Amino acid sequence: YLVLIQLFLGNSCRFIAKPCAINLGIQDSGPHRAQPNAILEKVFTSITKSPDGKRLEGLSKQLDWDVRKIQRWFRHRRNQDKPTTLTKFCESMWRFTFYFGIFFYGIRFLWTAPWFWDTRQCWYNYPFQPLTSRLYYYYILELAFYWSLMFSQFTDIKRKDFLIMFVHHLATIGLITFSYMNNMVRVGTLVLCLHDASDFLLEAAKLANYAKYQRLCDAFFMLFGVVFIVTRLGIYPFWILNTTLFESWELIGPYPSWWLFNGLLVTLQVLHVIWSYLIIRTASKALVRGKVSKDDRSDVESSSEEEDVTSNSTKGIFSTSSNGSNRLNGHVAGGQWTGE
């Protein structure tokens, strides 16, 4: 299934996402490339990608360049390896397609499931509960998708939230695998569907951002923020954690894997709180200033001149830099998206 997911990703990018991006006027142009310089290139590849003040002064004397010019060269050199806006649009397109499809598949499946309306049904007759084919495919597709995200994280841009996303993917894969092995698939489907509810809205906002539909992007992001906070700070703790911590204890007692299972679920809740804080902080900045000069979960590097960020940033929750190097791996951006 992991191979099938990867094939789907490649074909969707090639035959669907790329033509859509081209029709929207998104160009396959990358960041400004650094001026060729053998000395600076050797320092960049062999010593450091972000030289300190002492090294900058030494390079300035050696090359007879201004320190600011050398800083600009290293910034351009770091940025030139980043993917183009077209590449990022294609990535968001396939993620949107998957999240949208799997969420509505889950809703359609759970709508007729008794445990969707009464969470105590998750524990009746446990562990002797039937595993239907629809439930099996739902689980396997989700597991394959998160494994693909785990692998791709190491080949993508290094982001500030790398560690948080790594822990998130580990906890998610661990939960899916662990719940499947212990036949806790009923409550597992609730967790999966709840997490998919906001993800496709985020990808929709990213697509609008890359296509430079600013108002649509802002609207999708605000909707995403509301759904994210309601589902992961409201429904998740008071619906999911309530049944796994208290109803399960009441109906089947403290089974051997109870502590590990709930430990993973609580870990996810801690991550939800961190992300919600970042979303709220960025939204607050947008409301106060009318713009966001820096994303709390942005790429490590700014794709535009750091000294020109304030003067060149545009209004709105998301602003697109002139070279189109925006990216959001997680939640919000102002001049920069970083890739959930």
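Residues numbered from 1 in each chain as written. Predicted model: local features only at pLDDT ≥ 70, side-chain atom pairs only at ≥ 80, totals over all residues. Heavy atoms only, no water.

Per an unreviewed UniProt entry, the chain goes by the name CERS5 synthase and belongs to Emberiza fucata. What UniProt states about the chain under its Catalytic activity (unreviewed entry) heading is, verbatim, "sphinganine + octadecanoyl-CoA = N-(octadecanoyl)-sphinganine + CoA + H(+)". (UniProt positions renumbered as here; feature names shortened; annotations may be inferred.)

Draft legend 1. Structural view of the side chain of Glu142. With respect to the element layout, Glu142 can be found in helix α7 (residues 133–153). Here Glu142 occupies a buried position and makes no salt bridge, while the nearest side chain of opposite charge, Arg232, is found at 10 Å. The residues contacting Glu142, other than those within four sequence positions of it, are Phe98, Ile102, Ile176, Leu192 and Asp196. (Helix = DSSP H or I, 4+ residues; strand = E, 2+ residues; numbered from the N terminus. Buried < 20%, exposed > 50% of the residue type's maximum accessible area, 1.4 Å probe, protein only. Lys, Arg positive; Asp, Glu negative; His and termini not counted. Salt bridge = Lys/Arg side-chain N within 4 Å of Asp/Glu carboxyl O. Contact = heavy atoms within 4.5 Å.)

Draft legend 2. How the structure looks around the packing of aromatic side chains. This model, assessed by the stated rule, comprises 28 aromatic pairs. With centroids separated by 5.6 Å and ring planes inclined at 75 degrees, the aromatic side chains of Phe145 and Tyr146 adopt a geometry described as edge-to-face. Looking at Phe145, the relative accessible area reads 0%, which means it is buried. Here the aromatic residues Trp94, Phe98, Tyr99, Phe145 and Tyr146 are joined through ring pairs into a cluster of three or more. A cation over an aromatic ring shows up here: Lys69 above the ring of Trp65, its NZ or CZ 4.3 Å from the ring centre. (Phe/Tyr/Trp six-rings, centres within 6.5 Å; stacked < 30°, edge-to-face > 60°. Lys NZ or Arg CZ within 6 Å of the ring centre and 35° of its normal.)

Draft legend 3. Quick look at the side chain of Ser179. Note on placement: Ser179 falls in helix α8 (residues 162–181). The exposure class of Ser179 is buried, given its relative accessible area of 2%.

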